[in-house]
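# Results of the structural survey
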Amino acid sequence: MNSLTKTYNIKISNVDANFNVTPKYIMEMLQDIATDHANLLGFGWHALRRENKVWVISKIKFQHNIAPNTEKLKLTTWPLVPSRFFAQREFVGRDEHDNIVLRASSLWCLLDLETRRIINPHSIDHLYSGPYLEETSGLGGKWEKLAIDDSYSHCYTRTIRWTDLDMNRHVNNTNYTLYAMDCIDDVNFNKSVSAMEVTFHNECHLGDNVEIFANKSDGLRCVGVMGDKVCFTAKVVFDR
């Protein structure tokens, strides 16, 4: 129970125009297995709702070399010991030949639903008494810190619709991947995404208008802004 492994099928609907698995589907697989494992460990969505708490993702990054036309991915996830503010979850994905083709890492916050404030993840230790694994996925380095400057230009405005929302009634984290990828132009159209990193700063809700800015000088960096608030930032790395 300290880790969970599931096999996912990569279908035609999960690949892009170049037959590469989409970053959104990678994020969906990570979200799905993380949700299932949290439920098995006793601190999933339903258990936390009874305590008026919920997990919200703060940061997530992945790097992959999943080959085009790959049909199956065996994904494993496990949580690390929480810190005062964050709970870290790691992921490793293997192809049909058992080669590691995906590594990912994520940081989660525990949110009080009444105050909307972050609370210590150890406040739910009573729901999970098992040991934590110490092994990381190997995704080292610092998390990218992005801020708009003169190198960013406005790409488009995204109005949040009903289909953007999840059961927490805010934009599902996988959809921010789409907001960043929609900044791709002709220069990067035929390239594949080898890595991506998304940081979530503020919630977006139905009817919100998010201004998307991008820097395309080296890969793709995106910042989503709503009024005077940064909603999300994203870094996309393409294969050369």
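Residues numbered from 1 in each chain as written. Predicted model: local features only at pLDDT ≥ 70, side-chain atom pairs only at ≥ 80, totals over all residues. Heavy atoms only, no water.

A few words on the pattern of salt bridges. Summed over the entire model, instances satisfying the criterion amount to 11 salt bridges. Ionic pairing is found between Lys216 and Asp185, a salt bridge with its closest N-O pair at 3.5 Å. With a gap of 31 residues between them, Lys216 in the loop between strand S9 (209-215) and strand S10 (220-226) and Asp185 in the loop between helix H3 (173-181) and strand S8 (193-200) connect regions that are remote in the sequence. Residue Lys216 is classed as partly exposed on the basis of its relative accessible area of 34%. Note on Asp185: relative accessible area 28%, which makes it partly exposed. Connected through shared salt-bridge partners, Lys6, Asp32 and Asp36 make up one network. (Salt bridge = Lys/Arg side-chain N within 4 Å of Asp/Glu carboxyl O. Helix = DSSP H or I, 4+ residues; strand = E, 2+ residues; numbered from the N terminus. Buried < 20%, exposed > 50% of the residue type's maximum accessible area, 1.4 Å probe, protein only.)

Given two aromatic rings, their pairing is described by the distance between the two centres and the angle made by the two planes. Taken as a whole and assessed by the stated rule, the structure comprises 7 aromatic pairs. Taken together, a centroid distance of 5.1 Å and an interplanar angle of 50° make the contact between Tyr176 and Phe232 tilted. Taken together, the positions of Tyr176 in helix H3 and Phe232 in strand S11 (residues 229-238) put the pair 56 residues apart, joining distant regions of the chain. An identical accessibility class is assigned to Tyr176 and Phe232; each is buried. Joined through ring pairs, the aromatic side chains of Phe43, Trp55, Tyr128 and Tyr132 make up one cluster. Its end group placed over the ring of Trp143, Lys61 keeps NZ or CZ at 4.5 Å from the ring centre. (Phe/Tyr/Trp six-rings, centres within 6.5 Å; stacked < 30°, edge-to-face > 60°. Lys NZ or Arg CZ within 6 Å of the ring centre and 35° of its normal.)

Counting buried positions along H3 gives 8 out of 9 residues, so the element sits mostly inside the fold. The complete set of buried residues in H3 reads Asn173, Thr174, Asn175, Tyr176, Thr177, Tyr179, Ala180 and Met181.

So, about the side chain of Asn173. Within the secondary structure layout, Asn173 lies in helix H3. For Asn173, a relative accessible area of 10% puts it in the buried group. Discounting chain neighbours no more than four positions away, the residues touching Asn173 are Gln31, Ile57 and Phe200. (Contact = heavy atoms within 4.5 Å.)

Moving on: the pairing of S11. Note: S8 against S11, 7 bridges, orientation antiparallel. Along S11, the bridge assignment pairs Val198 with Ala234. Pairing of S10 with S11 involves 7 bridges; the strand directions are antiparallel. Directly across from Arg221, in S11, lies its bridge partner Lys235. (Pairing = 2+ DSSP bridges.)

What follows deals with the packing of helix H1 (residues 23-41) against H3. Direction vectors running N to C along H1 and H3 enclose 165°, while the axes themselves pass 9 Å from each other. Considered as vectors, H1 and H3 are oriented roughly antiparallel to each other. Crossing hand, H1 versus H3: right-handed. The segment H1 lies against H3, with Pro23, Lys24, Met27, Glu28 and Gln31 engaging Asn173, Thr174, Asn175, Thr177, Leu178 and Met181. Grouping the constituent residues of the contact of H1 with H3 by class yields 4 nonpolar, 5 polar and 2 charged. (Axes fitted to C-alpha atoms, helices over the stretch in contact; angles between N-to-C directions. Parallel < 35°, antiparallel > 145°, perpendicular 65-115°, else oblique. Left-handed = near helix turned anticlockwise from the far one by under 90°. Nonpolar A, V, L, I, M, F, W, Y, C, P; charged D, E, K, R; others polar.)

Looking at the secondary structure, you find Thr177 in helix H3. Not counting residues within four places of it along the chain, the set of residues in contact with Thr177 comprises Pro23, Lys24, Met27 and Met196.

For Asn69, which is not a glycine, the phi torsion comes out positive at approximately 75°. By the secondary structure assignment, Asn69 is in the loop between strand S2 (53-64) and strand S3 (72-79). Phi at Asp98 is positive, roughly 70°, even though this residue is not glycine. Within the element layout of this structure, Asp98 appears in the loop between strand S4 (87-94) and strand S5 (100-112).

A word on a nonpolar patch on the surface. Judged by side-chain polarity, Phe85, Phe86 and Ile118 come together as a nonpolar surface patch covering roughly 270 Å² of accessible area. Summarising the element assignment, Phe85 is placed in the loop between S3 and S4. Exposure remark for Phe85: the relative accessible area of 43% places this residue in the partly exposed category. (Patch = residues over 30% accessible without salt bridge, like charges linked within 9 Å, V, L, I, M, F, W, Y side chains within 5 Å. Areas by Shrake-Rupley, 256 points an atom, 1.4 Å probe, with all protein chains shown as cover.)

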